[in-house]
Amino acid sequence: MRQPLVAGNWKMNGTKASVESLLSELKAGFSDALNAEVAVCPSYIFLEQAAAALKGTGIALGSQNVCDQDKGAFTGEVSAPMLKEAGVKYAIVGHSERRHVYGEADALVAARFAAAKRGGLIPILCVGEKLEEREANITEKVVAAQIDAVIDLLGIEGLQGSVIAYEPVWAIGTGKTASPEQAQAVHAFIRAKLAKQDAALADSMQILYGGSMNAANAADLLSQADIDGGLIGGAALKAEDFLTICRAG
Ligand code: 13P
């Protein structure tokens, strides 16, 4: 059985003080008895603060990106070894805001994925189509190409020990959640695609949904057969909402 994973992507939000209070609210409401594994992904600058606050709790830490290189002259980047040292477990790669606001192409995302693995982090590979791509009926083609960039670089076995997050771009931060059926269809497509190359890998792969998931719609989404958790943006900034989603997982 796949354990659900609920991860909060805090994006570029927070201050030292607000991070401190969000973390203490999460710790107060968190229980080891939850079915889902829980992680939070604050901005780089807050990672060490969060690592200290979360020490000894069951809440894991993730980063919002990772450099494709391990060290050197890469101004503005943060490497997997640095993140590992800071106590990070998961690294989001290929988030739609990285792809579409900052122009990260599939090949760079794959290289970042590889660097995360090399550094002992668990990559959370985000994939998802834009609205015009859904309307042009090329959702599966877009998502397949985003996954194939990683497979081309590392082979299918490279996906072992990673997580995939399906985040339709049109659903992110818009309040327009994919319906459980729409999301399930893409999740099932992803799993079937992986199964063609490695059935055991496909069966064990955690495929998260992200895009306007909130306390009210989480249970319906998470009850779908191929939805193994969530990557939560806005609702992860409110402890009670995030914990409600974690309990639904
Ligand atoms: P929202 O939950 O705010 O739509 O963001 C989803 C997301 O981008 C998580 O990575």
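Chains are numbered independently. Their residues run from 1 in the order of the written sequence. In keeping with the model being predicted, local features are shown solely for residues with a pLDDT of at least 70 and side-chain atom pairs are shown and tallied solely at 80 or more, while totals for entire chains, interfaces and linings include all residues. Hydrogens and water are ignored here; the side-chain numbers use all heavy atoms of the structure.

This next bit is on the overall build of the protein. For helices the rule is a DSSP run of H or I covering at least 4 residues; for strands it is a run of E covering at least 2, with both sets numbered from the N terminus onward. Scanning the protein for helices and strands turns up eleven helices and eight strands. Using C-alpha atoms as the atom set, the radius of gyration is obtained and then compared with a globule rule of 2.2 Å times the number of residues to the power 0.38. Taken over the C-alpha trace, the protein has a radius of gyration of 17 Å; the compact-globule value for 249 residues is 18 Å, and the two agree within 12%. The principal-axis extent of the C-alpha atoms belonging to the protein is close to 45 × 45 × 35 Å. Burial classification: accessible surface area is computed with a 1.4 Å probe over protein chains only, and a residue below 20% of its type maximum counts as buried, one above 50% as exposed, and the rest as partly exposed. By the burial criterion, 53% of the 249 residues in the protein qualify as buried. Of the contacts formed within the protein by residues at least 6 apart in sequence, a portion of 71% connects residues at least 24 apart. Residues count as neighbours in contact if any of their non-hydrogen atoms are within 4.5 Å of one another.

Residue placement: Glu-157 occurs in the loop between α7 (139-154) and β6 (163-166). Residues Glu-157 and Gln-197, 40 residues apart in the sequence, show an inter-C-alpha distance of 9.3 Å.

Attention now moves to the site of the ligand. Asn-9, Lys-11, His-95, Glu-167, Ala-171, Ile-172, Gly-173, Gly-211, Ser-212, Leu-231, Gly-233 and Gly-234 make up every residue found near the ligand. Here a polar contact means two N or O atoms within 3.5 Å. Within protein one must be a hydrogen donor candidate and the other an acceptor candidate, and residues neighboring in sequence count only if both atoms are side-chain atoms. Here an oxygen atom of the ligand and a side-chain polar atom of Asn-9 are 3.0 Å apart. Between Glu-167 and the ligand, the recorded distance is 2.9 Å, taken from a side-chain N or O atom to an oxygen atom. In these tables, accessible area is a Shrake-Rupley quantity obtained with a 1.4 Å probe, and a residue counts as shielded only by the protein chains included in the view. In the complex, the protein chains occlude 95% of the 310 Å² of accessible area that the ligand would expose alone. Residues are labelled near a given molecule or strand when at least one of their non-hydrogen atoms is within 4 Å of it.

Counting through the fold element by element, Tyr-166 comes out in strand β6. On the accessibility criterion, Tyr-166 (0% relative accessible area) is buried. As for Tyr-166 and Gly-72, which are separated by 94 residues in sequence, their C-alpha atoms are 32 Å apart. In this structure the side chain of Tyr-166 is engaged in a polar contact, spanning 2.9 Å, whose partner is the side chain of Glu-129. Only 3.2 Å separates the side chain of Tyr-166 from the side chain of Arg-134, close enough to count as a polar contact.

Core analysis: the biggest nonpolar cluster contains 68 residues, and Ile-147, Leu-159 and Ile-190 have the highest contact counts within it. Apart from residues no more than four positions distant in its own chain, Leu-159 is found in contact with Phe-113, Ile-147, Val-150, Ile-151, Leu-194, Leu-201 and Met-205. Only buried Ala, Val, Leu, Ile, Met, Phe, Trp, Tyr and Cys residues count toward a nonpolar core, and they belong to the same one when joined by side-chain atoms within 4.5 Å. Formed by 13 residues, the second largest nonpolar core is a distinct cluster that contains Ala-7, Ala-39, Cys-41 and Val-163.

This part is about empty space enclosed by the protein. We place a 1 Å grid over just the protein atoms. Points where a 1.4 Å probe fits but has no way out form a cavity, open points with protein on both sides within 12 Å along at least 5 of 7 lines form a pocket, and any residue with an atom within 4 Å of a point lines it. Grid points are joined across faces, edges and corners, and a volume is the space filled by probe spheres set on the points. Per the stated rule, a full pass over the model turns up one cavity of 30 Å³ or more. One number sums up the size of the largest cavity: a volume of about 40 Å³. Looking at the largest cavity, the residues that line it are Gly-94, His-95, Ser-96, Arg-99, His-100, Cys-126, Val-127, Gly-128, Gln-146, Glu-167 and Val-169. Elements represented by at least two residues in the lining of the largest cavity include exactly α4 (96-101) and β5 (122-127). Take the lining of the largest cavity: its biggest share by element is three residues, from α4. When its residues are assigned to classes, the lining of the largest cavity shows three nonpolar, six polar and two charged. Three classes are used: nonpolar for Ala, Val, Leu, Ile, Met, Phe, Trp, Tyr, Cys and Pro, charged for Asp, Glu, Lys and Arg, and polar for all others, with Gly counted as polar.

For every element, the axis is a line fit to its C-alpha atoms; helices are fit only across the contacting stretch, and the angle between N-to-C directions ranges from 0 to 180 degrees. Packing of α7 against helix α8 (residues 180-197) brings their axes to within 11 Å, and their N-to-C directions diverge by 40°. As judged from the angle between their axes, α7 and α8 are oblique. Two packed elements cross with a definite hand, and for α7 against α8 that hand is right-handed. Taken together, the residues of α8 that come into contact with α7 (itself represented by Thr-139, Glu-140, Val-143, Ala-144, Ile-147, Asp-148 and Ile-151) are Val-186, Phe-189, Ile-190, Lys-193, Leu-194 and Gln-197. Orientation labels follow simple angle bins: below 35 degrees gives roughly parallel, above 145 gives roughly antiparallel, 65 to 115 gives roughly perpendicular, and whatever is left gives oblique. In a left-handed crossing the near helix is turned counterclockwise from the far helix by less than a right angle, and in a right-handed crossing that turn is clockwise.

Further remarks concern the side chain of Asn-65. Mapped onto the fold, Asn-65 is located in the loop between β3 (59-63) and α3 (80-85). Judged by its relative accessible area of 7%, Asn-65 is buried. Side chain to side chain, Asn-65 and Glu-104 meet in a polar contact 3.3 Å long.

Keep in mind these numbers describe shape, not what the thing actually does.
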